[in-house]
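Okay, here's what each chain looks like letter by letter:
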Amino acid sequence: MMTTNEKPLILLVDDMPANLHVLVAALRDDHRIKTATSGTTALDLAERDDRPQLILLDVVMPGMSGLEVLRRLRENPETRDIPVIFITADVSEQSQLEGLDLGADDYITKPVVAAVLRVRVRNLLQRKRTEARLRLAAHVFEYGGEAILITDCDNCIVEVNPAFTRLTGYTSEEICGQNPKILSAGHATAEEYQRMWHAIREQGFWQGEMWDRRKNGEIYPKLLTISVVRNAQGEIDFHIGSFTDLSEQKAVEEKIRYVAHHDALTGLPNRLHLQISLEQVIATAKRENQEVALMFIDLDRFKIINDTLGHNIGDCLLVEVAQRLRECVRESDLLARLGGDEFVLALAGDDVVNAAAQVAEKILGNLSQTYHIGGQVLHSSTSIGISLYPHDGDNIETLMKNADASMYHAKAMGRNNFQFFSPEMNRFSNERLLLENSLHRALAQGEFTVHYQPQADIASGRLVGAEALIRWHHPERGMVSPLQFIPLAEENGMILPIGTWVLREVCRQIKVWREVGLTDLRFAVNLSPRQFHQENLVGNIIDILREFDVPASALELEITEGSVMENPDAAVSLLNQLNQHGLSIAIDDFGTGYSSLGYLKRFPVSKLKIDRSFVMDIPGDPDDSAIAIAVIQLARSLGLKTVAEGVETTVQRQFLSDQGCDMLQGYWYSKPLDAATFEAFALHAAR
Ligand SMILES: Nc1nc2c(ncn2[C@@H]2O[C@@H]3COP(=O)(O)O[C@H]4[C@@H](O)[C@H](n5cnc6c(=O)[nH]c(N)nc65)O[C@@H]4COP(=O)(O)O[C@H]3[C@H]2O)c(=O)[nH]1
């Protein structure tokens, strides 16, 4: 293959060296030359890789004649297209005809005039190059992937290629003679067309996207390039339009855009989408003097479900939650998933406070319904924080921060509720952050201790055991209540190392006390929901008991109703295992949560603790009294013991005793005591 900057190679064939000499002298300046003095050598040279672009061939040669050489060249596909000029002294018509018939490109008669020879050679090579380019262009037109249509100066279609027919559905016969308007989907405006024609006239070129209609009526986007062909006078003779179908590319773009803006698990808009849409929602609200309610929706204790039942179940739960949320909102509301178990809902309108409260109620109700996932029955609740534009902030960042703070406030208010933002909450959330930071340090620095609150047999007043209660001596803040930091530790997972520390500390202490003769007491340790669901809970407890040589009967585990109700089936199996090892279980805060009596029957627990909130106002408050009585009777019917918490007065003690309550714990008997004081208390009681 010849490269463009290489001189063309010419093969000169003549049996007379003198003739060859003349030809070489005429052509060597502008060409590369090869020579042959016989037909056989000529064919051999023509077939080589370095193929000549032109052969000058003597007609009359001994052996193989020039005509025979030409015939053989034309028979061979490799050499068929090499142009040939005959050089001959024989100018007879017959000889010329024969040669032309075989495909000679030209004739030059001897004696050769060098100048004429050069012009003829140049013209022929140029023509051949042009032909090659045209062949190439025709090939592109015929077989190229781009649709091409050519219109004349009146913009009337004169030619289309097969790719055009494939893409539009119109054959050449159907479309030629028409105006390209017939292809348009009619989406472009008159101004857009004007701009396009202006560019075509002025610059001879235009490129852009357009929507067209196929013959079957289908509308599609295309990338169109229009260029012009001008005549010698500079007037436009033709317009060449070439275009590709952008449908697939657009579909891919749309898919990428969708993926970038949506959460793969639930299909809800994601954080990016929320950010963009919220900006628009707020801008519209500003323009139209409206309010926006931004709601942070967070599942209570989702992490526990996820950690204990596995990510598959967690994912299924999130999908179900997303579906229920969709059912609670209108099409026009903006609902998104921020990640994890956090969802956001934005409502705009005139009375968003009312609307937000109503939707929040609906969501709380809907999301607390039982979930049936992977053959398991799950319960969950939700905490919702709400901030209002413009009241609580005029930008997304502030509104999000405030909604988040209100959501944490809702959690602190006992979960399963919603809270509107108040400036107080910011303090609360900053506080929370500070506390969380120092909590990480507390365990390593030995800032925790355990206090023991004595529990007594209600009838005899005899000491039967104690509840272990953690205390945090913060170096700057002094004593921090577990009510403040336990929920935080539960939230961020710190509860696991803290809980293990409490268990070890209590067992270590039991061992010490057993050595001084306090062998009949049972010590209750609180297990938070996350601890209850931690991996290998049973194994860990047994290991700790063994380490300190403490019998399982000396330990009681207090769990909340919520812990077991999140996944009752798994809880039954876990409680059975604990029971088989001789550990007793008490249900803490009984009556405040689900009070699912059906399940209670199946749970191998030995005690119900009546929550302090019911004890506080008995016997004065008839409702609380009724609840306390019901719990005691229920426990008795199930063969369980009852412990009343927070007993502060003799009247309370008497009432509970009369109703058949078994044990009590509370300030009336004793406040929680540090280990040394408890030891003295217990030794004194044993005397
Ligand atoms: N007003 C009044 N209060 C009384 C009375 N008797 C006892 N209390 C208090 O009531 C709480 C009883 O513990 P809880 O219900 O298990 O509630 C506990 C428990 O849920 C959690 N907690 C404490 N220690 C631990 C622990 O080691 N692990 C876990 N997971 N949670 C713990 O923190 C909660 C609060 O603990 P505390 O602040 O120690 O508060 C204790 C105790 O000091 C009374 O007569 N009147």
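Residues numbered from 1 in each chain as written. Predicted model: local features only at pLDDT ≥ 70, side-chain atom pairs only at ≥ 80, totals over all residues. Heavy atoms only, no water.

Taken from UniProt, the Catalytic activity (unreviewed entry) comment for the protein reads in full: "3',3'-c-di-GMP + H2O = 5'-phosphoguanylyl(3'->5')guanosine + H(+)". (UniProt positions renumbered as here; feature names shortened; annotations may be inferred.)

K.L.:
I'd like to hear about the overall build of the protein, residue by residue, with values.
P.N.:
In terms of helices and strands, the protein carries 26 helices and 26 strands. If you take every contact in the protein between residues at least 6 apart in sequence, the share linking residues at least 24 apart comes to 61%. Put simply, the protein shows about 33800 Å² of open surface, and 52% of that area lies on carbon and sulfur atoms. (Helix = DSSP H or I, 4+ residues; strand = E, 2+ residues; numbered from the N terminus. Contact = heavy atoms within 4.5 Å. Areas by Shrake-Rupley, 256 points an atom, 1.4 Å probe, with all protein chains shown as cover.)

K.L.:
Can you tell me about the pairing of strand E24 (residues 607–610), naming the residues and giving the values?
P.N.:
Taking every second residue as pointing to the same face, both faces of E24 are buried, with Lys607 and Lys609 on one and Leu608 and Ile610 on the other. Across three bridges, the pairing between strand E23 (residues 584–590) and E24 is parallel. By the bridge assignment, phenylalanine 590 is partnered in E24 with isoleucine 610. With four bridges joining them, E24 and strand E25 (residues 641–644) adopt parallel strand pairing. Counted as the bridge partner of lysine 609 is valine 643 from E25. (Buried < 20%, exposed > 50% of the residue type's maximum accessible area, 1.4 Å probe, protein only. Pairing = 2+ DSSP bridges.)

K.L.:
I'd like a description of the sheet that holds strand E4 (residues 84–88), backed by residues and values.
P.N.:
Strand order in the open sheet formed by five strands is E2-E1-E3-E4-E5, and the pairing between neighbours is parallel. The two strands at the open ends of the sheet, each matched to only one other strand, are strand E2 (32–36) and strand E5 (106–109). Strand-to-strand twist in this sheet, taken as the mean axis angle between neighbours without regard to direction, amounts to 20°. With four bridges connecting them, strand E3 (residues 54–58) and E4 associate as parallel partners. Bridging across to E4, isoleucine 55 finds its partner in valine 84. Most of the contacts of helix H1 (residues 17–27) go to strand E1 (residues 9–13), to which it runs at about 160°, and overall it touches E1, E2, E3 and E4. Taken strand by strand, helix H5 (residues 114–143) contacts E1, E3, E4 and E5, and its axis lies near 135° from that of E3. (Axes fitted to C-alpha atoms, helices over the stretch in contact; angles between N-to-C directions.)

K.L.:
How would you summarise the site of the ligand if you had to cite specific residues and measurements?
P.N.:
Taken together, the neighbourhood of the ligand is formed by 23 residues, with Gln453, Glu467, Arg471, Glu648 and Tyr667 sitting nearest. Between the ligand and arginine 612, the relevant distance is 2.9 Å, taken from a nitrogen atom to a side-chain nitrogen or oxygen of the residue. A distance of 2.9 Å separates an oxygen atom of the ligand from a polar backbone atom of tyrosine 667. Considered on its own, the ligand offers 790 Å² of accessible surface; in the complex 84% of this is hidden by protein. Within the residue set of the shell around the ligand, elements represented by two or more residues are strand E19 (463–474), helix H16 (482–492) and E23. With four residues, E19 is the single largest residue contributor to the shell around the ligand. Here the shell around the ligand is built from residues that sort into nine nonpolar, six polar and eight charged. (Near = heavy atom within 4 Å. Polar contact = N/O pair within 3.5 Å; in protein donor to acceptor, adjacent residues only side chain to side chain. Nonpolar A, V, L, I, M, F, W, Y, C, P; charged D, E, K, R; others polar.)

K.L.:
Any chance you could break down the packing of helix H12 (residues 311–328) against helix H13 (residues 352–367) for me, citing the residues and the numbers?
P.N.:
One way to put it is that H12 packs onto H13 with a least axis distance of 10 Å and a crossing angle of 145°. Of the two possible hands of crossing, H12 and H13 adopt the one that is right-handed. Contact residues: Val321, Arg324, Leu325, Glu327 and Cys328 in H12; Val359, Lys362, Ile363, Asn366 and Leu367 in H13. Along the lines of polarity and charge, the residues of the contact of H12 with H13 split into six nonpolar, one polar and three charged. (Left-handed = near helix turned anticlockwise from the far one by under 90°.)

K.L.:
If you had to explain the sheet that holds strand E11 (residues 291–300) to someone new, which residues and values would you point to?
P.N.:
Strand pairing in a sheet relies on backbone hydrogen bonds, with the paired strands running either antiparallel or parallel. Taken in spatial order, the five strands line up as E12-E13-E11-E16-E17 in an open sheet, and their pairing is mixed. The sheet is open, and its two borders are formed by strand E12 (334–339) and strand E17 (418–420), each paired with just one other strand. In this sheet, neighbouring strand axes are inclined to one another by 20° on average, regardless of whether the strands run parallel or antiparallel. Both E11 and strand E13 (residues 342–349) contribute to a ladder of eight bridges, which runs antiparallel.

K.L.:
Tell me what's going on with the pattern of salt bridges, and back it up with residues and numbers.
P.N.:
Overall, the coordinates contain 36 salt bridges when judged by the stated rule. Residue glutamate 174 is joined to lysine 215 by a salt bridge in which the shortest nitrogen-to-oxygen separation is 2.7 Å. Of this pair, glutamate 174 sits in helix H7 (residues 172–175) while lysine 215 sits in the loop between strand E8 (205–213) and strand E9 (219–230); the two residues are 41 residues apart in sequence, bridging distant segments of the chain. Relative accessible area serves as the criterion here: at 34%, glutamate 174 is assigned to the partly exposed category. What makes lysine 215 partly exposed here is its relative accessible area of 44%. Taken together, the salt bridges that share partners define one network made up of Arg74, Asp105, Arg127, Lys128 and Glu131. (Salt bridge = Lys/Arg side-chain N within 4 Å of Asp/Glu carboxyl O.)

K.L.:
How would you explain unusual backbone geometry if you had to name every residue and give the values?
P.N.:
The amide bond that connects lysine 110 to the next residue, proline 111, takes the cis arrangement and shows omega of -5°. Residue placement: proline 111 occurs in the loop between E5 and H5. Residue isoleucine 618 is joined to proline 619 through a cis peptide bond whose omega torsion reads 0°. By the element assignment, proline 619 lies in the loop between helix H23 (612–615) and helix H24 (622–637). With phi around 50°, asparagine 416 is a residue other than glycine that occupies positive phi space. Following the sequence through the fold, asparagine 416 ends up in the loop between helix H14 (396–412) and E17. A positive phi angle, near 60°, is found at aspartate 549, a position not held by glycine. Examined against the element boundaries, aspartate 549 turns out to sit in the loop between helix H19 (537–547) and strand E22 (555–560). For aspartate 549, a relative accessible area of 61% puts it in the exposed group.

K.L.:
Could you give an account of the packing of aromatic side chains, naming the residues involved and the relevant values?
P.N.:
Overall, the coordinates contain 14 aromatic pairs when judged by the stated rule. Judged by centre distance (5.9 Å) and plane angle (70°), the rings of phenylalanine 523 and phenylalanine 678 are edge-to-face. Note that phenylalanine 523 is positioned in strand E21 (residues 522–526) and phenylalanine 678 in helix H26 (residues 675–686), a separation of 155 residues in sequence. The pair phenylalanine 523 / phenylalanine 678 is uniform in exposure class, with both members buried. Across from the ring centre of phenylalanine 243, 3.7 Å away, lies the NZ or CZ of lysine 222, which sits over that ring. Of note, arginine 324 hangs over the ring of tyrosine 371, and the distance from its end group to the ring centre comes to 3.7 Å. (Phe/Tyr/Trp six-rings, centres within 6.5 Å; stacked < 30°, edge-to-face > 60°. Lys NZ or Arg CZ within 6 Å of the ring centre and 35° of its normal.)

K.L.:
Tell me what's going on with helix H8 (residues 190–203), and back it up with residues and numbers.
P.N.:
The first and last C-alpha atoms of H8 sit 20 Å apart over 14 residues, in line with the 20 Å expected at 1.5 Å per residue. Residues of H8 that are buried include every one of Met196, Ala199 and Ile200, and no others. Buried residues of H8 fall within an arc of 100° about the axis and therefore sit on the same side. Residues of H8 that are exposed and point more than 90 degrees away from the buried face comprise Ala190, Gln194, Arg195 and Glu202. On its buried face, H8 is in contact with E8, E9 and strand E10 (236–245). After H8 finishes, the residue glycine 204 shows a positive phi value of roughly 75°. (Expected span 1.5 Å × (residues − 1). Arc of directions from axis to C-beta.)

K.L.:
Outline the environment of leucine 309, listing residues and values.
P.N.:
Inspection of the secondary structure assignment puts leucine 309 in helix H11 (residues 302–309). In the structure, leucine 309 is positioned 67 residues away from glutamine 376 in sequence and 9.6 Å away in space, judged by C-alpha atoms. With residues up to four places along the chain from it excluded, the contact list for leucine 309 reads Ile304, Gln376, Leu378 and Asn567.

K.L.:
Kindly report on the side chain of aspartate 58, identifying the contributing residues and their values.
P.N.:
Of note, aspartate 58 is situated in strand E3. A polar side-chain atom of aspartate 58 sits 3.1 Å from a polar atom in the side chain of lysine 110. Excluding anything up to four places from it in sequence, aspartate 58 contacts Val13, Asp14, Asp15, Gly66, Ile87 and Lys110.

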